Amino acid sequence: MPTIDLRNISNFICRAISLKILSGELLVLLGPTGSGKTTLLNIISGLTPYKGSVLFDDEPIDKISVGRRGIGYLFQNLALFPHLDVRSNIIYGLLIKKLGQDQIEARLDEMCNLLSIRHLMGRYPKDLSGGERQRVALARAIAPSPRILMLDEPFNSLDVKTRKYLRIEFRNIIKKLGITTIFVTHDFKEAEEMGDRLAVIDCGKLEQVATPQEIFFSPNGDKVANFLGSPNIFDCDNYEALGNGLVKASCEGLTIITVWEGGKLNKIAISPEDIYVSRNEPPGPSINRFRGTIVEEVSHNSMVTIKIRTKTKDILARIRREDLIAENLTTGSDVFFILPLRSLKGA
Amino acid sequence: MNKLKSLKPGWGILPIATFLAVWEMVARLNLFPGHFFFPPFSTVVVEFYHLTANGVLGENFLSSLVRVLIGFSAGSFAGLIIGVVMGWKEFINKGLSPIISLIYPIPALGWLPLLMLWIGINEMLPIAIIFICSFFPVCYNTATGVRSVDRNFVQASRMLGASEFRILATVALPLAIPTIFTGLRLESGMAWRVIIAAEMVAIPTGIGALLMKAESLIRVDIIIVCLMVLSVMCLSFEKFFIYMEHKLTGKWR
């Protein structure tokens, strides 16, 4: 599978983007709405004009037409042809490649096995559930054996449960096929689960390219940190293993128990929205439970970010406005907060 | 079982039967002044039988039908081709759209005096009128239908390697069918209305001409027979296109 090399790419949104994607890598383009993620995909696929150069395996493909670049593209709205049944949708690209009937049937069979969609063959897109539509769209994109796969926020319209399930399934399939892939999302959790590396893009500019862990713990500037939701990062002085993959760490005056099976634990991080806050002492053992005082409130539509001051560190938590009102939390309130074990990340 | 069900008369037959019964009663009881101007339904049926039996109705109906079929098919086909090209290629649309927008609002019968001078009063005249009546709406609807196909489908097809022709034939045209058929359906009924008017004014044969002869002979029963034939034909043509549209798109819409 080819490497993708973007050299100084610019157009009406993108500004001097240079990026190298390795062979077989799953790179996630992460950024807010309107940041230029889809535009960059369209540039690579040839759907949008641009300046600069796109190379596959060091060969410039700028003059190669859209259909000849060997790209499988999963559109945001999937764009399954509504007038064709599932079978006809999947073999659409195979018919264009003028494969023999035997080859088409063999490839269709492969797709059915890979994505477990054999039972959907005679159905039309309108009769498919959200998850089934995603599977069929992926089958159509990869059936012609593309060299590169691009997925533009394909799970946007799905419920949280199906999304999570499909993320894992899609990643496994992509890794099994070994296709160089670019996955676009605005959701850090999705990016973290899907990507080998993340490329954070904002206002058409590439802000940071690194592993999910590197980006979470060492965001390159305020833009990236704000986009990630300004995670709370604790520097750890020492820690001791508790067995079963758990460690007890002493971090900036707080004793935190977390899941950790790596080497040396230097830092622990948690997103503000993963922290539970309550006015009354929460029930259960006093593990990862702390006390503090709200010193600041900042509203963003239906959510409120509060700063909780402990003796040693200020913690950011993000809660729904209705919960803030229900718990009668205001600046100056003493509160309890919990750092859930499974939401903590170590580095 | 389903076929049997579809053969059973629906509830729609009841108001029609009531209407015909009231008509018969009002005419028989002379409740409407001037018996000659308001014959009972049974007299119309008898006249329909006579006209059919002596071949007058069949001959005139066939003349009108052939004109409608030729004019409508040619006009629709030309409208479809030009509409597809306009909908697919923006520069052609920009070139033709102002001209078509200017000519489209002219009522089909407005062309009659001009065509009488250009073509003369012969068999081509009603065909030309129907051609014009069908061409513009079908062209306009087809162009709109092709142009309004979601660009994502076109791009998806292009990404899979399809040529422009294949995208047009396998994606844009099938997805434009509902809009195209709206134009065909409306204009198929309109073609019958126009042919009758053209025959009444200028042509000595056809249902329209029969209507004019019946008027001069004060044969209201024949006029009503002609109007009923016209009504059935308009309805049948429209129903045919509804059926065809359903046949082509029913599975995926």
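Cut-offs used in this document
- Residues numbered from 1 in each chain as written.
- Chains lettered and ligands numbered in written order.
- Predicted model: local features only at pLDDT ≥ 70, side-chain atom pairs only at ≥ 80, totals over all residues.
- Helix = DSSP H or I, 4+ residues; strand = E, 2+ residues; numbered from the N terminus.
- Contact = placed C-beta atoms within 7 Å.
- Nonpolar A, V, L, I, M, F, W, Y, C, P; charged D, E, K, R; others polar.
- Domains from an automatic or database assignment.
- Axes fitted to C-alpha atoms, helices over the stretch in contact; angles between N-to-C directions.
- Parallel < 35°, antiparallel > 145°, perpendicular 65-115°, else oblique.
- Left-handed = near helix turned anticlockwise from the far one by under 90°.

Quick look at the overall build of chain B
Reasoning step 1: Within chain B, the regular secondary structure consists of 11 helices and zero strands.
Reasoning step 2: When the helices and strands of chain B are read in sequence order from the N terminus, they spell out α-α-α-α-α-α-α-α-α-α-α.
Reasoning step 3: With respect to the principal axes defined by its C-alpha atoms, chain B has extents near 75 × 55 × 30 Å.
Reasoning step 4: Pairs at least 24 apart in sequence give 73% of the contacts found in chain B among residues at least 6 apart.

Digging into the interface of chain B and chain A
Reasoning step 1: Opposite the 15 residues of chain B that make contact, chain A presents 20 residues.
Reasoning step 2: Looking at which element gives the most residues to the side of chain B that touches chain A, the answer is helix α8 (residues 151-159) of chain B, with six residues.
Reasoning step 3: A class-by-class count of the residues in the side of chain B that touches chain A yields nine nonpolar, three polar and three charged.

Some remarks on the domain arrangement of chain A
Reasoning step 1: One can read the domain layout of chain A as domain 1 (4-227) and domain 2 (232-346).
Reasoning step 2: Each of domain 1 of chain A and domain 2 of chain A was reduced to a C-alpha centroid, and the two centroids are 35 Å apart.

Some remarks on the packing of helix α4 (residues 130-142) of chain A against helix α5 (residues 160-177) of chain A
Residue and element names in this part refer to chain A.
Reasoning step 1: Two numbers describe how α4 lies on α5: the axes approach to 11 Å, and their chain directions differ by 15°. In terms of orientation, α4 and α5 fall into the roughly parallel class. Considering the relative orientation of α4 and α5, their crossing is right-handed. Counted together, Gly130, Gly131, Gln134, Leu138 and Ile142 of α4 and Thr162, Leu166, Phe170 and Leu177 of α5 form the full contact between these two elements.

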